[in-house]
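Coordinate analysis (summary)
Listed here are the chains, written in short residue letters.
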Amino acid sequence: RPFNRLLLTGAAGGLGKVLRERLRPYANILRLSDIGEMAPAAGPHEEVVRCDLADKAAVHQLIEGVDAILHFGSVSVERPFEEILGANICGVFHVYEAARRHGVKRVVFASSNHVIGFYKQDEHLDANCLRRPDGYYGLSKSYGEDMASFYFDRYGIETVSIRIGSSFPEPANRRMMSTWLSYDDLTHLLERCLYTPNVGHTVVYGMSDNRDVWWDNSKAAHLGFKPKDSSEVFRDKIEAQPMPAADDPARIYQGGAFVAAGPFGDD
Ligand code: 15L
């Protein structure tokens, strides 16, 4: 195991729960953090730490002694700006600044397709495209990617930013036929993100080997990510769903319904 201690933030979240099991082979000790309660309590070779990413001192403590960070902790849907600010924007700064202070050399950042959500579904993108965030959530992930880029240029801390599509047990709708990332492919991608040398700041799209894709991963070829699953096996089930109306954002934009979320309350 090349890593003694790996940190997974957001360990009680949708993907965090899945990864807690799947990351076990990759480190002697898996340190797990979340703002919420994590059940079950720490097992063998695990450390469980309750931590609010908005709390700088707590994040600095959290990161002491880790060799690499999988940063999955964040508000994960569109919310008012003030809710995104603490965990996602201050949080990503706290993580990188603590990484610098404690000499952590590798971060895997759970970015999102919502950094490019305002592109249409008939547009094809690679990692160098201009970002078109589809809300405050997408903006926070875009900021996280810039943070990763800055900490590499300034301090040599390497990051792979994964623009995760839709990582669920199976695709839930037509859009996800293109954006779906299976848990097995996510796990394989994380392994590549941790083990590939000299990644600098690499941006990769997190999607399975789906038939109709919008994203080109050739600029991240050095990672050696070879997805094995495909949303095709779910096609009949998904196509049995009614087709969304022609003006439904779910049918038009890569970010789907996120592009039309909000405004919230007083925004
Ligand atoms: C995301 O970034 C969200 O965290 C997730 O819940 C899904 O909505 C996903 O994007 C998606 O676009 O399908």
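First things first, this report covers the structure right here in the doc. In this numbering scheme, every chain counts its residues from 1 along its sequence in written order. Since the coordinates come from a predicted model, pLDDT governs what is reported: local features require at least 70, and pairs of side-chain atoms require 80 or more to be given and counted, while whole-chain, interface and lining totals use all residues. Here the side-chain values reflect all heavy atoms present in the structure, with hydrogen atoms and water set aside.

1. A word on the overall build of the protein
Note the threshold: Helix and strand assignments follow DSSP, with helices taken as H or I runs no shorter than four residues and strands as E runs no shorter than two, numbered in order from the N terminus. Each radius of gyration is computed over the set of C-alpha atoms, and the globule rule expresses the reference value as 2.2 Å times the number of residues to the power 0.38. For the exposure calls, accessible area comes from a 1.4 Å probe over protein chains only, and a residue counts as buried if that area is under 20% of its type's maximum, exposed if over 50%, partly exposed in between. Contacts are assigned to residue pairs that have any heavy atoms within 4.5 Å of one another. Only the protein chains shown count as cover for residues, and the accessible areas themselves come from Shrake-Rupley with a 1.4 Å probe. For the charge count, each Lys or Arg is scored as positive and each Asp or Glu as negative, with His and the chain ends excluded. To locate a charge, take atom NZ for lysine, CZ for arginine, CG for aspartate or CD for glutamate.
Within the protein, the secondary structure is distributed over 8 helices and 7 strands. For 267 residues, the compact-globule estimate of 2.2 N^0.38 gives 18 Å, and the C-alpha radius of gyration of the protein, at 18 Å, lies within 12% of that figure. Overall, the protein is about 50 × 45 × 40 Å in size when its C-alpha atoms are taken along their principal axes. By residue count, 52% of the 267 residues in the protein fall in the buried class. Put simply, 68% of the contacts in the protein that link residues at least 6 apart link residues at least 24 apart. Summed over all atoms, the accessible surface of the protein reaches about 12,000 Å², with 52% contributed by carbon and sulfur. Here the protein contributes 30 positive and 36 negative side-chain charges, whose respective centroids are spaced 4 Å apart.

2. Some points on the nonpolar core
The following threshold applies: Among buried residues, those of type Ala, Val, Leu, Ile, Met, Phe, Trp, Tyr and Cys that are joined through side-chain atoms within 4.5 Å constitute a nonpolar core.
Grouped together as the largest cluster of nonpolar side chains are 33 residues, with contacts concentrated most on Leu6, Leu70, Phe72, Ile162 and Leu190. At the level of secondary structure, the elements contributing two or more residues to this core comprise β1 (3-9), α1 (14-22), β2 (27-34), β4 (68-71), β5 (106-112), β6 (158-164) and α6 (183-195). Examining the composition of this core, we find that 6 residues originate from one element, α6, more than from any other. Among all residues touching Leu6, those that are not within four sequence positions of it are Tyr26, Ala27, Ile29, Leu30, Arg31, Ala68, Leu70 and Leu194. Core analysis: the next-biggest nonpolar cluster, separate from the first, contains 20 residues, Val95, Tyr96, Ala98 and Val107 among them.

3. Observations regarding the pattern of salt bridges
The line we're drawing: In what follows, salt bridge is the name for a side-chain nitrogen of Lys or Arg lying within 4 Å of a carboxyl oxygen of Asp or Glu.
In the structure shown here, the tally under the stated rule is 19 salt bridges. The closest approach of N and O atoms between Arg79 and Glu83, which form a salt bridge, is 2.9 Å. The residue Asp146 makes a salt bridge to Arg131 at a minimum N-O spacing of 2.6 Å. Of this pair, Asp146 sits in helix α4 (residues 136-155) while Arg131 sits in the loop between β5 and α4; the two residues are 15 residues apart in sequence, bridging distant segments of the chain. Given a relative accessible area of 26%, Arg131 falls into the partly exposed group. Three or more residues joined by partner-sharing salt bridges are found here, namely Arg211, Asp212, Glu232, Arg235 and Glu239.

4. Points about the site of the ligand
Which entries qualify depends on this criterion: Nearness of a residue to a molecule or strand requires only that one of the residue's heavy atoms be within 4 Å of it. N or O atoms closer than or at 3.5 Å make up a polar contact, with two conditions inside protein: a donor-capable atom paired with an acceptor-capable one, and, for residues adjacent in sequence, both atoms drawn from side chains. Three classes are used: nonpolar for Ala, Val, Leu, Ile, Met, Phe, Trp, Tyr, Cys and Pro, charged for Asp, Glu, Lys and Arg, and polar for all others, with Gly counted as polar.
Around the ligand, the surrounding shell consists of Ser76, Ser112, Asn113, His114, Tyr137, Gly165, Ser166, Phe168, Arg175, Met176 and Phe258. Take His114: an N or O atom from its side chain is 2.7 Å from an oxygen atom of the ligand. When the residues that make up the shell around the ligand are grouped by side-chain class, the tally is 4 nonpolar, 6 polar and 1 charged.

5. Quick look at the packing of helix α2 (residues 56-63) against helix α3 (residues 81-102)
Going by this rule: Interaxial angle, 0 to 180 degrees, is taken between N-to-C directions of lines fitted to C-alpha atoms, where a helix line uses only the stretch in contact. Throughout, the term roughly parallel applies to angles under 35 degrees, roughly antiparallel to angles over 145, roughly perpendicular to angles from 65 to 115, and oblique to all others. Helix crossings get a hand from a simple test, with the near helix turned counterclockwise from the far one by less than a right angle marking a left-handed crossing and a clockwise turn marking a right-handed one.
Between α2 and α3, the least distance of the axes is 9 Å, while the angle of their chain directions is 45°. One finds that α2 runs oblique with respect to α3. Where α2 crosses over α3, the two elements pack in a sense that is right-handed. Along the contact surface, α2 presents Lys56, Val59, His60 and Ile63, while α3 presents Phe93, His94, Val95, Glu97, Ala98, Ala99, Arg101 and His102. In terms of residue class, the contact of α2 with α3 is made up of 6 nonpolar, 3 polar and 3 charged.

6. Quick look at empty space enclosed by the protein
What counts is decided by this rule: With a 1 Å grid laid over protein atoms only, a set of points is called a cavity when a 1.4 Å probe fits there but cannot get out and a pocket when it is open yet has protein on both sides within 12 Å along at least five of seven lines; lining residues have an atom within 4 Å of a point. Grid points are joined across faces, edges and corners, and a volume is the space filled by probe spheres set on the points.
Inspection of the entire model under this criterion finds 1 cavity of 30 Å³ or more. Estimated volume of the largest cavity: approximately 40 Å³. Residue assignment for the lining of the largest cavity shows that the elements contributing at least two residues are α3 and α4. The element contributing the most residues to the lining of the largest cavity is α3, with 3 residues. For the lining of the largest cavity, the per-class residue count stands at 3 nonpolar, 5 polar and 1 charged.

7. With respect to the packing of aromatic side chains
How we decide: Put simply, two rings from Phe, Tyr or Trp (the six-membered ring, in Trp's case) pair if the centres are within 6.5 Å, and we call them stacked under 30 degrees between planes, edge-to-face over 60, tilted for the rest.
All told, the structure shown has 12 aromatic pairs when counted by the stated rule. When the centroid spacing of 5.9 Å and the interplanar angle of 50° are considered together, the rings of Tyr137 and Phe258 count as tilted. Highlighted residues: Tyr137 in helix α4 and Phe258 in the segment after α8 (249-252), separated in sequence by 121 residues. A connected cluster of aromatic rings, assembled from ring pairs, spans Tyr96, Phe150, Tyr151 and Tyr155.

8. As for unusual backbone geometry
Going from Ala39 to Pro40, the amide bond is cis rather than trans, its omega being -10°. Of note, Pro40 is situated in the loop between β2 and β3 (46-50). At the junction of Gly262 and Pro263, the peptide bond is cis and its omega measures out at 0° in the coordinates. For Pro263, the location among the structural elements is in the segment after α8. In this structure, His45 is a non-glycine residue whose phi angle is positive, near 65°. Even without glycine at this site, Asn198 takes up a positive phi of about 50°.

That's the geometry; what it means functionally is another story.
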